[in-house]
Amino acid sequence: MSNGTVNRTDLRQSERFLSLYTPPKIAGEFTGKHIISVEQFDRHDLQILFDATLSIRRRMRQHDRGLLQLTAGRLMATLFYEASTRTDLSFQAAMRHLGGEVVAASNGVQFSSIYKGENLADTVRAVGCYADVIVLRHPNVGSSYEAAYYLDLLREQVIRQPLVISGGDGIGEHPTQALLDIFTIFDCKHRIDGLNITLVGDLRHGRTVHSLAKLIARYEAQDTTLNFVAPDELRMPENVLNYIREQGIAVNETDNLYDVLGETDVIYWTRVQEERFEDPDSYEAIKDRFIMTPAVLAQAKDDVILMHPLPRKHEMGTPADHDALDADPRTVYFKQMENGMFVRMALLAKVLGGLWV
Ligand code: NCD
């Protein structure tokens, strides 16, 4: 970790916590619950979160100072072992807009005791002694399950009852991104049912698409079709496909965007996750397979929405393409980004048991 990278042989070390720890279902009550997987949510929970987010957004627009009471006196710690702009800053902004405070290691996690070789279990418990909620991003699949497991043990020993919220666990899940993504679909389309939704790009390594696809299934969307467009090497993992099929959602897999583009109501474009490839040549061979440009978007429906979790690289063409796409009223990724803060405000207020909104 001292050089800012993670030894690849360690990447699987948190996976056993996926079976050791079962995240609590929300079942209408968010207070005191870790947020580590979209599997915790059902349609009713999502409706509660949508309503709370809409209320928070309205109040933000009105500069309602009552928002400052919602997490006043509460402390959020950020623990990011991987790069982040939107997730990190939107969580920090969310906590501050709610009247709460934020702490982080002064010089970033690489100069905390992680530099001395401290493991995740000890680091999260240390942070849990000081903060009410920890936002964790870590390269290991299952790392947020591991954090929740050890924080529950810690709760028996200390006064604080710290929570963890996953900000992404390697190629596993990114639950809060999926919450803001499904909220944005609802916000733009006023429904999730009956939509044709197309996820494109690196479906193998992209944690945002794993979580979003599963969350649409958790919503029990009626008459909704999910299209997965990816080259063979980057197909959606089997476990995610099985999960979605079990919930009765219709799924199409193809490597040809034009099989589905004309029917699509929601396009969710993604970056090829260069940092997840062991071999740079296989990244180079695949990186240009799907490129969204104004010419591609021209073939989509007039009322389609184009989403992207960002950051974007050349999967959205040249800087000139970026500007042209941004100017198209069908692109919603900046709205998505701003919604991320509102959704995270609603979630923080809910799990920390803030006065209700
Ligand atoms: C995504 C992530 O980190 O998984 N970014 C984000 O949180 N908005 C997507 C990506 O890095 O491609």
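Below or above, wherever it landed, is the structure these notes cover.

Definitions and cut-offs
- Within any chain, residue numbers begin from 1 and follow the written order of that chain's sequence.
- Local features are withheld for residues below a pLDDT of 70 in this predicted model, meaning they are given only at 70 or higher, and side-chain atom pairs are given and counted only at 80 or more; totals for whole chains, interfaces and linings count all residues.
- Where side-chain values are given, they derive from all heavy atoms of the structure, hydrogens and water being excluded.
- Under the pairing criterion, centres of Phe, Tyr and Trp rings, with the six-membered ring standing for Trp, must be within 6.5 Å; the plane angle then separates stacked pairs below 30 degrees from edge-to-face pairs above 60, leaving the rest tilted.
- Strands are runs of DSSP state E lasting at least 2 residues, helices are runs of H or I lasting at least 4, and numbering of each runs from the N terminus.
- Exposure is judged per residue with a 1.4 Å probe applied to protein chains only, and the accessible area is read against the type maximum: over 50% gives exposed, under 20% gives buried, and values in between give partly exposed.
- Here, any two strands with at least 2 DSSP bridges between them count as paired.
- The angle between two axes is taken between their N-to-C directions and runs from 0 to 180 degrees, where each axis is a line fitted to C-alpha atoms and a helix contributes only its stretch in contact.
- For each residue, the test is whether any non-hydrogen atom lies within 4 Å of the molecule or strand; if one does, the residue is near.
- Each polar contact in these results corresponds to two N or O atoms within 3.5 Å; when the atoms are within protein, one needs to be able to donate a hydrogen and the other to accept it, and residues that are neighboring in sequence are counted only if both atoms are side-chain atoms.
- Each accessible area value is a Shrake-Rupley result obtained with a 1.4 Å probe; residue values ignore everything except the protein chains displayed when judging cover.
- Under the grouping applied here, Gly and all other residues not named as nonpolar or charged are polar, the nonpolar ones being Ala, Val, Leu, Ile, Met, Phe, Trp, Tyr, Cys and Pro and the charged ones Asp, Glu, Lys and Arg.
- For every domain, the bounds stem from an assignment made automatically or drawn from a database.

Side note on the packing of aromatic side chains
Now for step 1: The full count for this structure, using the stated rule, is 9 aromatic pairs.
Now for step 2: Seen from their ring centres, Phe50 and Phe186 are 4.7 Å apart, and the 25 degrees between their planes marks the pair as stacked. Residue Phe50 is located in helix H2 (residues 43–61), and its partner Phe186 is located in helix H6 (residues 175–189); the two are separated by 136 residues in the primary sequence.
Now for step 3: Using a relative accessible area of 1% as the deciding quantity, one classes Phe50 as buried.

Focus on the sheet that holds strand E3 (residues 133–138)
Now for step 1: With parallel pairing, 4 strands are arranged side by side in an open sheet as E2-E1-E3-E4. Across the chains shown, the open sheet's two edge strands, defined by having one partner strand only, are strand E2 (101–104) and strand E4 (163–169). On average, each strand axis in the sheet is inclined to that of its neighbour by 20 degrees, with strand direction left out of account.
Now for step 2: Relative to E3, strand E1 (residues 75–80) runs parallel, the two being bridged by 5 bridges. When the sheet's bridge partners are listed, Leu79 is paired in E3 with Leu136.

Section: the site of the ligand
Now for step 1: The environment of the ligand is made up of Thr87, Arg137, His174, Gln177, Arg207, Thr208, Arg271, Gln273, Pro309, Leu310 and Pro311.
Now for step 2: Arg207 is positioned with one of its side-chain polar atoms (N or O) 2.8 Å from an oxygen atom of the ligand.
Now for step 3: A distance of 3.0 Å separates a nitrogen atom of the ligand from a polar atom in the backbone of Leu310.
Now for step 4: Protein chains bury 93% of the 320 Å² of accessible surface belonging to the ligand in isolation.
Now for step 5: When grouped by side-chain class, the residues that make up the shell around the ligand number 3 nonpolar, 5 polar and 3 charged.
Now for step 6: No fewer than three residues from each of domain 1 (8–174 + 339–351) and domain 2 (176–334) sit in the shell around the ligand.

Overview of the pairing of strand E8 (residues 266–269)
Now for step 1: Burial along E8 is two-sided: Val266 and Tyr268 and Ile267 and Trp269, pointing in opposite directions, are all buried.
Now for step 2: Pairing geometry for strand E5 (residues 196–200) and E8, over 4 bridges, is parallel. Bridge pairing in E8 places Leu199 opposite Tyr268.
Now for step 3: Relative to strand E9 (residues 305–307), E8 runs parallel, the two sharing 3 bridges. Its bridge partner being in E9, Tyr268 is matched across the sheet by Met307.

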